[in-house]
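# Fold and contact review
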Amino acid sequence: MDASSAEFPPYPPCRGTDKDGFAFPTLAKRLPVILTKAVDAVCRVYLAPGYSDAAHAKDGKKVVEELGRLRHELTRDRALEVIRDSEEDAEEWNRVIASRAKEAWFSAPWLFSECYAYRRVRETLVLNNWADFDPFAESKRIAFKDSKAAVAELSSRFSVIRSFSSESGERLAFHELLQICLWGNATDLSLLPHLSAEMAAELQSRASSMLSESEKNILSNDIDSAWDHVKGLNGGRCDVILDNAGFELFGDLLFADYLHSSGRVKNTVFHGKRIPWFVSDVTPADFDALFEQLLDPAFFGFKGDAQKAVETLVARWKGYLDSGAWKLTTHAFWTLPHPYPQINERAPELYATLKESGLVLFKGDLNYRKLLSDAHWPATTPFAEAIGKAWQGIPVLALRTNKSDPIVGLAEGVAEKLQSTEEDWRWSGKYGVVEFAK
Ligand code: F6P
Ligand code: MG
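In short, a report on the structure.

How each quantity is defined
Residues numbered from 1 in each chain as written. Chains lettered and ligands numbered in written order. Predicted model: local features only at pLDDT ≥ 70, side-chain atom pairs only at ≥ 80, totals over all residues. Heavy atoms only, no water. Helix = DSSP H or I, 4+ residues; strand = E, 2+ residues; numbered from the N terminus. Rg over C-alpha atoms; globule rule 2.2 N^0.38 Å. Contact = heavy atoms within 4.5 Å. Lys, Arg positive; Asp, Glu negative; His and termini not counted. Charge placed at Lys NZ, Arg CZ, Asp CG, Glu CD. Donors = N, O, S within 2.8 Å, 3.2 Å for Na, K, Ca; no water. Polar contact = N/O pair within 3.5 Å; in protein donor to acceptor, adjacent residues only side chain to side chain. Salt bridge = Lys/Arg side-chain N within 4 Å of Asp/Glu carboxyl O. Buried < 20%, exposed > 50% of the residue type's maximum accessible area, 1.4 Å probe, protein only. Core = buried A, V, L, I, M, F, W, Y, C linked by side-chain atoms within 4.5 Å. Near = heavy atom within 4 Å. Areas by Shrake-Rupley, 256 points an atom, 1.4 Å probe, with all protein chains shown as cover. Pairing = 2+ DSSP bridges. Axes fitted to C-alpha atoms, helices over the stretch in contact; angles between N-to-C directions.

### A closer look at the overall build of the chain
Within the chain, the secondary structure is distributed over 19 helices and seven strands. Compactness check: the chain gives a C-alpha radius of gyration of 21 Å against a globular reference of 22 Å for 438 residues, within 12% of the reference. Summarising its shape, the C-alpha atoms of the chain cover approximately 60 × 55 × 45 Å along the three principal directions. Counted over contacts in the chain with a minimum sequence separation of 6, partners at least 24 positions apart contribute 80%. In the chain, the 52 positive side-chain charges and the 63 negative ones have mean positions that sit 2 Å from each other.

### Points about the coordination of the magnesium ion (ligand 2)
Donor atoms from the polypeptide that bind the magnesium ion (ligand 2) are Asp243 (OD), Asn244 (OD1) and Asp281 (OD), placed at 2.1 to 2.2 Å. Mapped onto the sequence, the donors of the magnesium ion (ligand 2) take the spacing D-N-x36-D.

### A closer look at the side chain of glutamate 170
Position of glutamate 170 relative to the elements: it lies in helix α7 (residues 167–183). A distance of 2.7 Å separates the side chain of glutamate 170 from the side chain of arginine 264, its partner in a polar contact. Not counting the four nearest positions on each side in its chain, glutamate 170 is found in contact with Phe164, Ser165, Trp227, Tyr258, Ser262 and Arg264.

### Section: the pattern of salt bridges
Any two side chains of opposite charge can pair if their charged atoms end up close together. Applying the stated rule across the entire model yields 33 salt bridges. Glutamate 176 is the salt-bridge partner of arginine 157, the closest N and O atoms lying 2.6 Å from each other. Taken as a pair, arginine 157 in helix α6 (residues 148–162) and glutamate 176 in helix α7 lie far apart in primary sequence, 19 residues in all. Put simply, aspartate 228 and lysine 231 hold a salt bridge, and the shortest N to O gap is 3.3 Å. Given the relative accessible area of 48%, aspartate 228 is considered partly exposed.

### Looking at the nonpolar core
Counting 57 residues, the largest nonpolar core has Phe250, Leu294 and Trp317 as the members making the most contacts within it. The element best represented in this core is helix α11 (residues 247–261), accounting for nine residues. If we skip the residues at most four places from it in the chain, leucine 294 touches Phe144, Val151, Phe250, Phe300, Gln307, Val310, Val314 and Trp317. Within the second largest apolar cluster, 47 residues are counted, among which are Phe22, Leu35, Trp277 and Leu336.

### Section: the site of ligand 1
Around ligand 1, 15 residues are found, and the nearest of them are Glu114, Asn185, Asp365, Leu366 and Lys403. Asparagine 185 places a side-chain nitrogen or oxygen 2.8 Å from an oxygen atom of ligand 1. Taking leucine 366, its main chain carries an N or O atom lying 2.7 Å from an oxygen atom of ligand 1. Within the complex, the protein chains bury 100% of what would otherwise be the 390 Å² of accessible surface of ligand 1. Those elements giving two or more residues to the shell around ligand 1 turn out to be α4 (110–127) and α17 (364–371).

### Points about the sheet that holds strand β4 (residues 326–330)
Here seven strands make up an open sheet; going across it, the order is β1-β7-β6-β5-β2-β3-β4 and the pairing mixed. What marks the edges here is a single partner per strand, and that holds for β1 (218–221) and β4. Strand-to-strand twist across the sheet, computed as the mean angle between neighbouring axes with direction ignored, equals 15°. Sheet topology note: the strand β2 (residues 236–241)/strand β3 (residues 265–272) ladder contains six bridges and is parallel. In the strand pairing of β3, valine 240 is matched with phenylalanine 270.

### Overview of the environment of valine 282
Within the secondary structure, valine 282 is located in the loop between β3 and α12 (284–295). Judged by relative accessible area, which is 0%, valine 282 ranks as buried. On a C-alpha basis, the gap between valine 282 and alanine 137 in space is 10.0 Å, while along the polypeptide they are 145 residues apart. Apart from residues no more than four positions distant in its own chain, valine 282 is found in contact with Leu242, Asp243, Asn244, Ala245, Leu249, Gly272, Lys273 and Phe287.

### Quick notes on unusual backbone geometry
The peptide bond linking phenylalanine 8 to proline 9 adopts the cis configuration, its omega dihedral lying at -5°. Within the secondary structure layout, proline 9 lies in the segment before α1 (23–46). At aspartate 77, a position not held by glycine, the phi torsion is positive, near 55°. Turning to its location among the elements, aspartate 77 is positioned in the loop between α2 (54–75) and α3 (90–99). Among the residues examined, aspartate 77 registers a relative accessible area of 32% and is labelled partly exposed.

Now the structure itself:
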């Protein structure tokens, strides 16, 4: 069975009409709140005291009106409208929308509807001359500022971890940094409408402490097979399909730094998002912002050694970027609604480059949903089977904290046991998976 055959995946996708899952509350409650916050962000610009660009303000009012209409379409479960801008992916979006003519926001696959919402936000900005504005930028900045304690601890601990040199020391460093990278995904801003700030801080602290304790919450754990693969890389290329900006990106860069400085990986390509996406995802502007924020002593308010530690990291990371060892890129495929088993048909040139990678690392929940076609797989399905034939022969590592229904790779009985005690285990962010296939 492969992605191009009609039967793949052999299970239905999550839909907003599934009242028992996370799709319904996301579309009915969380997404409308996110759209309202985007409206607030636009208003804050043109209503700021002293703001004097009248033409831009007029366009901003249109953005606000149109985002309000978008919210209305979503909450009333209206038909799917075409994309009216002429950005590079508009035609492909409209092809998919035409194929869903009989569906509306809730009856369409959840993966499609949620991606579509963010693409419609983009359309609104583009059509009203606000294309340069990221309505989520300020919330990303504030959330990173709130990660001060974890950033300080990780920056100083990283130099110690990086110096582990024996075979067992290296294995330990890999375990530790991979988990930092994993738990960095525990919180994301699209979840904040139902996650308290205290809970977010608690989840974030996992990335910086008590890692062996947190390992118990990894429900499917292929760290050892990932390490066996990585240690044989001897200087290949790693592709990181990024997820969230700020703290998660900081942890991703630490992990990539380790892979590079240990000599396992020679080149790393970071794949960011072309447009503002799922509130917190990394755009090229967020990638640059992280460096600036770390270099600005006023941002976290670090003093002395703490500021020096982050500056040392940034200097090395800039060096990797300047030398071409690290590269940031974007591709329209990552912000289309396609499940990843279809990558060979939907983005053949991107697929051809990923086929040459020594390791393709997928970060976060949305990437995981896309790898699994956002389908209701039985939880014991092997990961390699669920991601489909296109990925066979490519080393794929998924690091994801559970924030939505789909999950595979669990041992017999695990899902049932959790279900009987913690109804929200699939999406609470408390658990995670580390899944590897090649
Ligand atoms: O479930 C919450 C949600 O908005 C999902 O729709 C989405 O998969 C996820 O958050 C985004 O999380 P992440 O940033 O880990 O991809
Ligand atoms: Mg995200």
